[in-house]
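# Per-entry structural report
This is what each chain is made of:
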Amino acid sequence: MTDTDIARETGLALQRSVDVPDAVKVAVHNRVVTLSGAVAWQYQRQAATHAVQYLPGVASVSNLIEVRPEIEPAGIGPAIRAALVRHAGVEASRVDVDVEGGLVTLTGTVLTWAERRAVEDACWSAPGVAVVENELRIAG
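In this numbering scheme, every chain counts its residues from 1 along its sequence in written order. At least 70 in pLDDT is required for a residue's local features to be given in this predicted model, at least 80 for side-chain atom pairs to be given and counted, and no such filter applies to totals for whole chains, interfaces and linings, which use all residues. To get the side-chain values, take all heavy atoms of the structure and skip hydrogens and water.

This next bit is on the overall build of the protein. The number of helices and strands found in the protein is 4 helices and 9 strands. Along the protein, helices (α) and strands (β) appear in the sequence α-β-β-β-α-β-β-α-β-β-α-β-β when read from the amino end. Along the first, second and third principal axes, the C-alpha atoms of the protein reach 50 × 35 × 20 Å. Residue pairs at least 24 apart in sequence account for 62% of intrachain contacts in the protein once pairs closer than 6 positions are excluded. Summing over all exposed atoms, the protein offers an accessible surface of approximately 7900 Å²; the carbon and sulfur share of this is 52%. Positive and negative side-chain charges in the protein, numbering 12 and 17 respectively, have mean positions lying 4 Å apart. By definition, any uninterrupted DSSP run of H or I lasting at least four residues is a helix, any uninterrupted run of E lasting at least two residues is a strand, and each is numbered from the N terminus. Note on definitions: a residue-residue contact is assigned when non-hydrogen atoms from the two residues lie within 4.5 Å. Throughout, the Shrake-Rupley method with a 1.4 Å probe supplies accessible areas, and for residues the shown protein chains are the sole cover considered. For the purpose of charge, His is not counted, nor are the chain termini; Lys and Arg are scored as positive and Asp and Glu as negative. To locate a charge, take NZ of a lysine, CZ of an arginine, CG of an aspartate or CD of a glutamate.

This next bit is on the sheet that holds strand 4 (residues 60-63). DSSP calls a pair of strands paired once it identifies at least 2 bridges connecting them. Sheet architecture is open: 3 strands sit in the order 1-2-4, paired in mixed fashion. With one partner strand each, in any of the chains shown, strand 1 (25-29) and strand 4 form the two edges of the open sheet. Recorded for the sheet is a direction-independent mean angle of 20° between the axes of neighbouring strands. Alignment of strand 2 (residues 32-36) against strand 4, held across 4 bridges, turns out to be parallel. For Val-33, the partnering residue across the bridge sits in strand 4 and is Val-61. In this analysis, axes come from line fits to C-alpha atoms, helices being fitted only over the stretch in contact, and the angle between any two N-to-C directions falls in the range 0 to 180 degrees.

Moving on to the pairing of strand 1. Summarising the sheet, strand 1 and strand 2 pair through 5 bridges and their orientation is antiparallel. Bridge pairing links Ala-27 to Thr-34 in strand 2. Following strand 1, the chain reverses through 2 residues before pairing antiparallel with strand 2; Asn-30 in that reversal takes a positive phi of roughly 55°.

In this section: the pattern of salt bridges. A pairing counts as a salt bridge when a side-chain nitrogen of Lys or Arg comes within 4 Å of a carboxyl oxygen of Asp or Glu. Tallied over the entire structure, the rule returns 3 salt bridges. Note that Asp-5 is salt-bridged to Arg-8, the shortest N-O span being 2.6 Å. One end of the pair is Asp-5 and the other is Arg-8, both in helix 1 (residues 3-16) and 3 residues apart, which spans about a single turn. For every residue, the accessible area (1.4 Å probe, protein chains only) is compared with the maximum for its type, and the residue is labelled buried under 20%, exposed over 50%, or partly exposed between those bounds. Under the relative-accessibility criterion, Asp-5 is labelled partly exposed at 25%. The shortest N-O distance in the salt bridge between Asp-121 and Arg-117 comes to 3.2 Å. Linking Asp-121 with Arg-117, this pair stays in helix 4 (residues 113-124), spanning 4 residues, or about one helical turn. For Arg-117, a relative accessible area of 40% puts it in the partly exposed group.

Here we take up the packing of helix 1 against helix 2 (residues 42-52). Across the interface, helix 1 lies against helix 2 with an axial gap of 9 Å and an inter-helix angle of 130°. With respect to helix 2, the element helix 1 is oriented oblique. Considering the relative orientation of helix 1 and helix 2, their crossing is right-handed. Listed contacts from helix 2 to Thr-10, Ala-13 and Leu-14 of helix 1 are Ala-48, Ala-51 and Val-52. Ten residues, namely Ala, Val, Leu, Ile, Met, Phe, Trp, Tyr, Cys and Pro, are considered nonpolar, four, namely Asp, Glu, Lys and Arg, are considered charged, and the remaining ones, Gly among them, are considered polar. Looking at the contact of helix 1 with helix 2 residue by residue, the classes come out as 5 nonpolar, 1 polar and no charged. An angle below 35 degrees is read as roughly parallel, one above 145 as roughly antiparallel, one from 65 to 115 as roughly perpendicular, and any other as oblique. Each crossing gets its hand from how the near helix is turned against the far one by less than a right angle, where anticlockwise is left-handed and clockwise is right-handed.

That is the geometry; function is a separate question.
Structure representation (structure tokens):
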């Protein structure tokens, strides 16, 4: 399969994915798919990778898509803190959330990799988040 074939199939896969906006662009070189552009939410960025990573001929995917929220990042900190308190699998008292504009920085400790991922996912679900820097340490 040539790079041109892979690019064509990748473009079709992205068009079929309802979570991927048209702003996502594709380039293929030596069977490596590079995704670029901007989306409003992290789940859209992830959906683009999932839509193309297992296509025939694809060796790897480089996701350079930026998250650019369409919503002003007002009240992100309290929204994230509330989400962490509601989440049964997260010990919220050991997690510090610092918000500056659309950038969220997580520090503190968690007990497991799953808890670390759950905290990061909770951050991405808050409107206005553009970047999450997950500096959480695993205790134990």
